[in-house]
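Observations on the three-dimensional arrangement
Chain residues, written in single-letter form:
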Amino acid sequence: MAAHYQKAYFLLSVANVEQLPPDLGIEVAIIGRSNAGKSSVLNRITQNKGLARVSKTPGRTQMVNLFVLDEHRRMADLPGYGYAKVPLAAKRKWEQLVDAYISERECLKGIVLVMDIRHPFKDLDKKCLEYCGQRGLPVHLLLNKADKLSKNEVAVTVKSVRAQLAEYENPVTFQLFSALKGVGIKELQSVLDGWYGYE
């Protein structure tokens, strides 16, 4: 990845959007199910294994964690969702926090939605796409853990994902990714560079 992502550092964690820093500059958010490998993706993007805590217990990210790339650009790690042991009240809180962040944050330029390629398009993945669609916000799907499937299984999943995305009017792109193997890094960097305005 380019050097600007390797400069990322943790800024703060917030439990509601009112606690976020001024709505200026450019933010890109990473979101996904609790077990989709979101933290591993963030660590792979920045080439910093300790930047985002990778927990063996899914659902640990309950707040918006903000990371700084430079004085004008930030990356937001949104709370993971969909873990069975999280109570209903926590799920509703997640929906309210994510909805508020996506609908109100003017500096938000794009969403990286991380899905486990073996279990794409769960209900809350679709809800996230709805939120982004209402805002007209571009989404880039990472079909993570692509190393877990055979080439034939990958081809079948890609065909299915492409068919499901045809239902969305909102601009949604997707790619194969493996945080473990580093597959798809350059393609992801190209998308991020476009959103951040890097030359």
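Structure first, text after, so check above.
Below: a short report on this structure. (Residues numbered from 1 in each chain as written. Predicted model: local features only at pLDDT ≥ 70, side-chain atom pairs only at ≥ 80, totals over all residues. Heavy atoms only, no water.)

Turning our attention to the packing of aromatic side chains. All told, the structure shown has four aromatic pairs when counted by the stated rule. Judged by centre distance (6.2 Å) and plane angle (55°), the ring pair of Tyr5 and Tyr196 falls under tilted. Taken together, the residues span a long stretch of sequence, with Tyr5 in helix H1 (residues 3-6) and Tyr196 in helix H6 (residues 185-196) at a distance of 191 residues. Here Tyr5 falls in the buried class, since its relative accessible area comes to 0%. Using a relative accessible area of 0% as the deciding quantity, one classes Tyr196 as buried. With 5.8 Å between their ring centres and 65° between their planes, Phe10 and Phe67 make a pair best called edge-to-face. On the criterion of sequence distance, the pair formed by Phe10 in strand S1 (residues 9-14) and Phe67 in strand S3 (residues 64-70) is long-range, its members being 57 residues apart. Seen from the ring of Tyr198, Arg73 lies directly overhead, with NZ or CZ sitting 4.3 Å from the centre. (Phe/Tyr/Trp six-rings, centres within 6.5 Å; stacked < 30°, edge-to-face > 60°. Helix = DSSP H or I, 4+ residues; strand = E, 2+ residues; numbered from the N terminus. Buried < 20%, exposed > 50% of the residue type's maximum accessible area, 1.4 Å probe, protein only. Lys NZ or Arg CZ within 6 Å of the ring centre and 35° of its normal.)

Our next topic: the nonpolar core. Ile31, Tyr101, Ile102, Ile111, Leu113 and Leu141 are the most contacted members of the largest nonpolar core, which totals 39 residues. Residues contacting Tyr101, with those up to four places away along its chain left out, are Val17, Leu20, Glu27, Ala29, Ala76, Leu78 and Leu108. Counting 26 residues, the second largest nonpolar core, distinct from the first, contains Tyr5, Ile45, Val112 and Val114. (Core = buried A, V, L, I, M, F, W, Y, C linked by side-chain atoms within 4.5 Å. Contact = heavy atoms within 4.5 Å.)

The next point concerns the pattern of salt bridges. If charged atoms from side chains of opposite charge come close, those side chains can pair. One pass over the structure, following the stated rule, counts seven salt bridges. Notably, a salt bridge pairs Asp77 with Lys38, separated by 2.7 Å at the nearest N-O pair. In this pair, Asp77 is assigned in strand S4 (residues 73-77) and Lys38 in helix H2 (residues 38-46), connecting sequence segments 39 residues apart. Each of the two residues, Asp77 as well as Lys38, counts as buried. A salt bridge links Asp116 to Lys145; the nearest nitrogen and oxygen atoms lie 3.8 Å apart. Taken together, the residues Asp116 in strand S5 (residues 108-116) and Lys145 in the loop between strand S6 (139-144) and helix H5 (151-165) connect sequence positions 29 residues apart. Overall, the relative accessible area of 6% leaves Asp116 in the buried class. What emerges from the salt-bridge pattern is a single network uniting Glu27, Arg74 and Arg105. (Salt bridge = Lys/Arg side-chain N within 4 Å of Asp/Glu carboxyl O.)

Structurally, Asn65 can be placed in strand S3. One polar contact links Asn65 to Ser13, side chain to side chain, over a distance of 2.4 Å. Setting aside chain neighbours within four positions, we find Asn65 in contact with Phe10, Leu12, Ser13, Met75, Ala76 and Asp77. (Polar contact = N/O pair within 3.5 Å; in protein donor to acceptor, adjacent residues only side chain to side chain.)

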